[in-house]
Amino acid sequence: MGAPMRAGLGKLLASFTFLGVAATVLPNPSSAADLGLISSGRGGCSEIVFVCENGRQYPLCPIAVSVVGEVITASLHTGHRGGAHVRLVPMGVGYRYAGRGFWLDGFRDNAVLNFGKHSQVACTIQQS
């Protein structure tokens, strides 16, 4: 085995070792609170409900759920005909679900439901 081949093999083994250590040190993605809302994918609309300070409850009905259980797209029932389609928007910290004319910003169990630029209501998540 030549010197360049040994050096390449050494780098490969070092990267596998690093990845193995990183996988054991990093938190489980399904338990990280700032990835987005986590769903089992079986609970339907009653699994995640936003209980807001305006006295209303807004159920979130998952449509697409990632392998780790993160809700990617959903229907947020705001009281209008049926539910409004929302999609997860990547954020640095916390989560944002955006729909047409409204969005939901949150971190862990706290969220703010924004109906346009000048109307918002604080909410907490009630998960069953």
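Read on for a plain summary of the structure. Here the structure is a predicted model, which is why all the values come from computation and not from measurement. (Residues numbered from 1 in each chain as written. Predicted model: local features only at pLDDT ≥ 70, side-chain atom pairs only at ≥ 80, totals over all residues. Heavy atoms only, no water.)

### Description of the sheet that holds strand S7 (residues 110–114)
- The sheet built from eight strands closes into a barrel, its strands ordered S1-S2-S3-S4-S5-S6-S7-S8 with antiparallel pairing. Along the sheet, successive strands turn relative to each other by an average axial angle of 30 degrees, direction set aside.
- Across five bridges, strand S2 (residues 57–65) lies against strand S3 (residues 71–76) in antiparallel orientation. Paired with Leu 60 across the two strands is Leu 76, which belongs to S3. (Pairing = 2+ DSSP bridges. Helix = DSSP H or I, 4+ residues; strand = E, 2+ residues; numbered from the N terminus. Axes fitted to C-alpha atoms, helices over the stretch in contact; angles between N-to-C directions.)

### Brief notes about the packing of aromatic side chains
- According to the stated counting rule, one finds three aromatic pairs in the structure shown.
- Consider the rings of Tyr 58 and Phe 115, whose centres lie 6.3 Å apart with planes at 55 degrees: the pair is tilted. Placement of the pair is Tyr 58 in strand S2 and Phe 115 in the loop between S7 and strand S8 (120–127), with a sequence separation of 57 residues.
- Judged by relative accessible area, which is 2%, Tyr 58 ranks as buried.
- The partly exposed category is assigned to Phe 115, whose relative accessible area is 30%.
- Following the ring pairs from residue to residue traces out a cluster consisting of Tyr 58, Phe 102 and Phe 115. (Phe/Tyr/Trp six-rings, centres within 6.5 Å; stacked < 30°, edge-to-face > 60°. Buried < 20%, exposed > 50% of the residue type's maximum accessible area, 1.4 Å probe, protein only.)

### Side note on the nonpolar core
- Phe 50, Leu 60, Leu 76, Val 86, Tyr 95, Tyr 97 and Leu 113 are the most contacted members of the largest nonpolar core, which totals 19 residues.
- Elements with a minimum of two residues in this core: strand S1 (48–52), S2, S3, strand S4 (84–89), strand S5 (95–99), strand S6 (102–107), S7 and S8. (Core = buried A, V, L, I, M, F, W, Y, C linked by side-chain atoms within 4.5 Å.)

### Here we look at the pattern of salt bridges
- Considering all chains together, one arrives at one salt bridge under this definition.
- Across the pair Asp 105 and Arg 96 runs a salt bridge whose closest N-O atoms are separated by 2.5 Å.
- On the basis of relative accessibility, which here comes to 27%, the residue Arg 96 falls in the partly exposed class. (Salt bridge = Lys/Arg side-chain N within 4 Å of Asp/Glu carboxyl O.)

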